[in-house]
Amino acid sequence: MRIVITGGAGFIGSHLCERFLQDGHEVVCIDNFITGTYANIVPFLDCPRFTLITHDICKPLYVDGPVDAVLHFASPASPIDYMRYPIQTLKVGSLGTHNALGLARAKSARFLLASTSEVYGDPQVHPQAEDYWGHVNPIGVRGVYDEAKRFAEAMTMAYHRCHGLRTHIARIFNTYGPRMRLDDGRALPNFMGQALRGEPLTVYGDGSQTRSFCYIDDLVEGLVRLLWTDCAEPVNLGNPEEVTILEFAREILELTGGKSQIVFCPLPQDDPRVRRPDITRARQLLGWEPKVPRREGLQRTLDYFRRIMHAG
Ligand code: NAD
Ligand code: UDP
């Protein structure tokens, strides 16, 4: 198979590149490095089945030769990143999705969209199942990301219905693991970086808001399984084990053995109060559920951050 991955130099995208190469496929990675890291793909550059195309997917993309699947993962993804690049985020979710769908259609390839739990906004239904339509503030600071992904889902379904394209929508919940950026502003890299530097851990609000963290290897397995189904409906992929952010900060502090304090900072606008995936559909359709316990996933991620901080 020949697989195109937009955002292939990012955190999730680079793990997808690695997985498809390991499975013996050819990978074409498309990235403009707005939030991605060249180091993420350096290990693949020697592989003859790997190609890098430096390109902004908001501009049309022509790829020579056959393509079996297009996985659209390009987008700033952490709140700090999409608030820093609001217009680029809206463009890559709209124009970028249109171009990626156009490529898939031209090649009669499958298409998989990286959607997000953010389409549920600050949810009034808990846990979140795929039939919940969400509670999003379109003009709030998170709206640029949430609405771009909601548009991307609508566009994907339109290509499926109008052109009969084989499309898939993964609603990805908070995922973590090696190759996250230490400075992406998300809770996990912030807490680990702060603990390792001996700085206070910054919990926003009173820390009673919840999230559910999925280890990257579990997510990648779910994505690969979804790609080869006939399911065009959205599928939640995430770990249903829910934790408050304050507990999460304490877990990380304990794991690092650090002596830092926890300090409380203002809660950002529209920060979802709760988040936990209902993964019934993924269980039934894909026979999938997360396997990596949080402590183990956190330890592997901590080892990674220790290594890169040590390296410079
Ligand atoms: P990331 O920032 O590490 O990766 C995104 C990649 O897309 C980067 O390499 C970036 O340079 C690239 N990119 C952005 N705009 C581009 C453009 N116009 N053209 C080409 N490349 C572009 O983020 P991530 O955490 O790996 O997220 C990947 C995808 O998964 C995103 O679409 C995100 O919305 C989705 N997602 C991630 C999570 C998560 O917990 N990490 C949760 C839900 C959804
Ligand atoms: N958060 C925090 N301290 C930080 C970074 C984030 O308390 O240094 C909180 C944030 O307000 C949110 C949760 O942790 O409630 C998860 O934030 P993250 O940016 O990881 O992702 P989100 O799930 O909000 O997209």
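Novice: Explain the overall build of the chain to me, please; I cannot follow it from the model alone.
Specialist: A tally of helices and strands in the chain yields ten helices and 13 strands. Its C-alpha atoms give the chain a radius of gyration of 19 Å, within 12% of the compact-globule value 20 Å for 312 residues. Overall size of the chain, expressed as C-alpha extent along the three principal axes, is 55 × 45 × 40 Å. Within the span of the chain, comprising 312 residues, buried residues form 56% of the whole.

Novice: Where do I start with the packing of aromatic side chains in this structure?
Specialist: Given two aromatic rings, their pairing is described by the distance between the two centres and the angle made by the two planes. By the definition in use, this model includes ten aromatic pairs. With a centroid separation of 6.1 Å and an interplanar angle of 40°, the aromatic rings of Tyr 120 and Phe 173 are classed as tilted. Taken together, the residues span a long stretch of sequence, with Tyr 120 in the loop between strand S5 (110-116) and helix H5 (143-163) and Phe 173 in the loop between strand S6 (167-172) and strand S7 (175-176) at a distance of 53 residues. The pair formed by Tyr 120 and Phe 173 is uniform in burial state, with each residue classed as buried.

Novice: Just to check I follow, could you spell out the nonpolar core for this structure?
Specialist: Core analysis: the biggest nonpolar cluster contains 59 residues, and Leu 71 and Leu 223 have the highest contact counts within it. Residues in contact with Leu 223, not counting those within four places in the same chain, are Ile 12, Leu 16, Phe 73, Leu 112, Ala 170, Ile 172 and Leu 237. By size, the runner-up hydrophobic cluster in this structure holds 24 residues, among which are Ile 57, Ala 100, Ala 104 and Ala 152.

Novice: How do you make sense of the environment of Arg 105 when you look at a structure like this?
Specialist: By the element assignment, Arg 105 lies in helix H4 (residues 86-106). When the C-alpha positions of Arg 105 and Trp 288 are compared, they lie 28 Å apart, and in sequence the two are 183 residues distant. In this view, Arg 105 contacts Tyr 159, His 163 and Leu 165; residues no more than four positions away in its chain are not counted.

Novice: Teacher, can you tell me more about the site of ligand 1 here?
Specialist: Taken together, 29 residues sit near ligand 1, with Asp 31, Thr 35, Asp 56, Tyr 145 and Lys 149 positioned nearest. Between ligand 1 and Asn 32, the relevant distance is 3.2 Å, taken from a nitrogen atom to a side-chain nitrogen or oxygen of the residue. Within the contact set of ligand 1, an oxygen atom lies 2.5 Å away from a side-chain nitrogen or oxygen of Tyr 145. A total of 820 Å² of accessible area belongs to ligand 1 in isolation, and the protein chains cover 96% of it. Secondary structure elements with two or more residues in the shell around ligand 1: helix H1 (11-22), S5 and H5. Considering each element in turn, the shell around ligand 1 owes the most residues, three residues, to S5. Per-class residue counts for the shell around ligand 1 are 14 nonpolar, eleven polar and four charged.

Novice: In this structure, what is going on with the site of ligand 2? I would like to understand it.
Specialist: Near ligand 2, the surroundings consist of 18 residues, among which Thr 202, Tyr 204, Arg 211, Asp 271 and Arg 275 are the closest. Contacts to ligand 2 include Arg 211, whose side-chain N or O atom sits 2.6 Å from an oxygen atom. In the environment of ligand 2, an oxygen atom lies 2.6 Å from a nitrogen or oxygen atom belonging to the side chain of Asp 271. Considering ligand 2 on its own, with 520 Å² of exposed area, one finds that the protein chains cover 96% of that surface. For the shell around ligand 2, the elements supplying multiple residues, two or more each, are helix H6 (187-197) and strand S8 (201-204). Here the residues of the shell around ligand 2 are counted per class, giving seven nonpolar, five polar and six charged.

Rules used throughout
Residues numbered from 1 in each chain as written. Chains lettered and ligands numbered in written order. Predicted model: local features only at pLDDT ≥ 70, side-chain atom pairs only at ≥ 80, totals over all residues. Heavy atoms only, no water. Helix = DSSP H or I, 4+ residues; strand = E, 2+ residues; numbered from the N terminus. Rg over C-alpha atoms; globule rule 2.2 N^0.38 Å. Buried < 20%, exposed > 50% of the residue type's maximum accessible area, 1.4 Å probe, protein only. Phe/Tyr/Trp six-rings, centres within 6.5 Å; stacked < 30°, edge-to-face > 60°. Core = buried A, V, L, I, M, F, W, Y, C linked by side-chain atoms within 4.5 Å. Contact = heavy atoms within 4.5 Å. Near = heavy atom within 4 Å. Polar contact = N/O pair within 3.5 Å; in protein donor to acceptor, adjacent residues only side chain to side chain. Areas by Shrake-Rupley, 256 points an atom, 1.4 Å probe, with all protein chains shown as cover. Nonpolar A, V, L, I, M, F, W, Y, C, P; charged D, E, K, R; others polar.

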